[in-house]
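If you want the building blocks of each chain, they are given just below.
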Amino acid sequence: YVEITEHSAPALPIVTAATPDFSFSRSDDGFEQANAYYHIMNFQAYLQQMGYTLVDFAIHVDAQGFGGSDNSAYTGGAVPPRLTFGEGGVDDAEDADVIVHEYGHAISDDASPSTNTGLERRTLDEAFGDYLAVSYTREQYNFGSNLVFNWDGHNSFWPGRTVDNPSNFNYKSISGFNEIYRYATLWNAAMFDIWDQLGKTYTDSLQLEAVYGYFQNMSFSQAALLVIQADTTFSGGANGQIIWKAFDDRGILDWSAITEENSSFSKPYILNANVLQNL
């Protein structure tokens with residue numbers, strides 16, 4: 001599911017070993033190559049464990065690319081698609097968050113191809129990658145559990161991102177999206193409220209299931225309804241109240257959009273007839 005390749009300068013040899021021992025220090029090029037290989041393979045195994053067939057091919061990965069600049073990217077138009085990691089500042093492929101975030105773009109592209117258009121939709125894609133990265137690493141260690149790229153960023157090179165909305169953004173107060181990173185933390189503040197209550201695996205499944213329904217120029221509110229729909233599929237809507245509240249707290253969904261008819265902790269809330277057309 002991953003092939004370490006050389007497709008971006010600088011041209012460096014791909015490490016090999018006669019025995020299954022890939023032990024390197026950070027000064028070795030093999031460190032980034034083995035690290036990228038491991039985390040993508042590990043995350044792919046997790047996807048399969050949950051029953052998802054996504055990025056079902058050997059994605060090409062150059063762990064030392066972009067001419068050494070501080071940048072990383074997913075390129076879906078390449079055949080096969082590829083990931084490229086730069087080495088400016090802290091080498092990007094040293095950080096599992098960077099690796100999983102960029103792999104998240106490949107997952108999203110596979111689940112809902114050719115839909116990453118529009119600033120708000122593209123922000124959701126950045127949020128999706130940030131969510132997967134933090135969910136993946138926060139289970140393994142407590143350091144910086146609210147931080148995205150807590151090794152590559154949050155240092156003198158660049159500030160990184162967070163998933164806890166430290167600026168207290170509210171969706172209703174956003175006048176427009178003029179770039180694709182700033183409000184990703186707003187989406188993830190809601191998702192990690194859900195994560196804290198429903199757990200990693202279930203919340204991961206909600207987010208992964210929702211991304212299959214992503215479309216061009218979609219809004220945060222429309223994406224949140226896809227999470228609600230996923231919970232309805234998985235549990236009959238048993239967690240509807242928890243999910244609605246997490247999104248309502250950030251202005252993404254509104255309690256006034258639901259009725260109390262037949263509602264309980266074990267049954268989903270019923271959407272008002274006009275809720276979908278008004279989003």
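Residues numbered from 1 in each chain as written. Predicted model: local features only at pLDDT ≥ 70, side-chain atom pairs only at ≥ 80, totals over all residues. Heavy atoms only, no water.

A. View of the sheet that holds strand β3 (residues 72-75). The four strands are arranged β1-β2-β4-β3 in an open sheet whose pairing can be described as mixed. Taken across any chain shown, the strands that pair with only one partner, and hence form the sheet edges, are β1 (2-4) and β3. For this sheet the average axis-to-axis angle between neighbouring strands, irrespective of direction, equals 20 degrees. Sheet analysis places strand β2 (residues 59-62) next to strand β4 (residues 82-85), joined by three bridges and oriented parallel. The partner of His-60 across the bridge, within β4, is Arg-82. Set on the sheet, helix α1 (residues 29-49) makes contact with β1, β2 and β4; between it and β1 the angle comes to about 175 degrees. (Pairing = 2+ DSSP bridges. Helix = DSSP H or I, 4+ residues; strand = E, 2+ residues; numbered from the N terminus. Axes fitted to C-alpha atoms, helices over the stretch in contact; angles between N-to-C directions. Contact = heavy atoms within 4.5 Å.)

B. Main features of the nonpolar core. Residues Ile-59, Ile-107, Trp-187 and Phe-247 are the most contacted members of the largest nonpolar core, which totals 70 residues. Not counting chain neighbours up to four residues away, the residues in contact with Ile-107 comprise Phe-43, Leu-47, Leu-54, Val-55, Phe-128, Leu-132 and Leu-208. (Core = buried A, V, L, I, M, F, W, Y, C linked by side-chain atoms within 4.5 Å. Buried < 20%, exposed > 50% of the residue type's maximum accessible area, 1.4 Å probe, protein only.)

C. Structural context of the side chain of Gln-64. The residue Gln-64 is located in the loop between β2 and β3 in this model. Take Gln-64: its relative accessible area is 2%, and that puts it in the buried class. Separated by 2.8 Å, the side chain of Gln-64 and the backbone oxygen of Asp-29 make a polar contact. Filtering out sequence-adjacent residues up to four positions away, Gln-64 remains in contact with Ser-8, Ala-9, Pro-10, Leu-12, Asp-29, Glu-32, Gln-33, Phe-85 and Glu-87. (Polar contact = N/O pair within 3.5 Å; in protein donor to acceptor, adjacent residues only side chain to side chain.)

D. Region of interest: the confidence of the model for the protein. For the protein, mean pLDDT is 92; residues scoring 70 or higher make up 92% of the total. The model gives residues 261-270 a pLDDT under 50, and that stretch makes 18 contacts with residues more than four places away or in other chains. Counted against residues more than four places away or in other chains, residues 272-279, with its pLDDT under 50, gives nine contacts. (pLDDT = per-residue confidence, 0-100.)

E. Layout of the pairing of β4. The sheet contact formed by β3 and β4 spans four bridges and is antiparallel. Its bridge partner being in β4, Thr-75 is matched across the sheet by Arg-82. A loop of six residues connects β3 with β4, the two strands running antiparallel in sequence.

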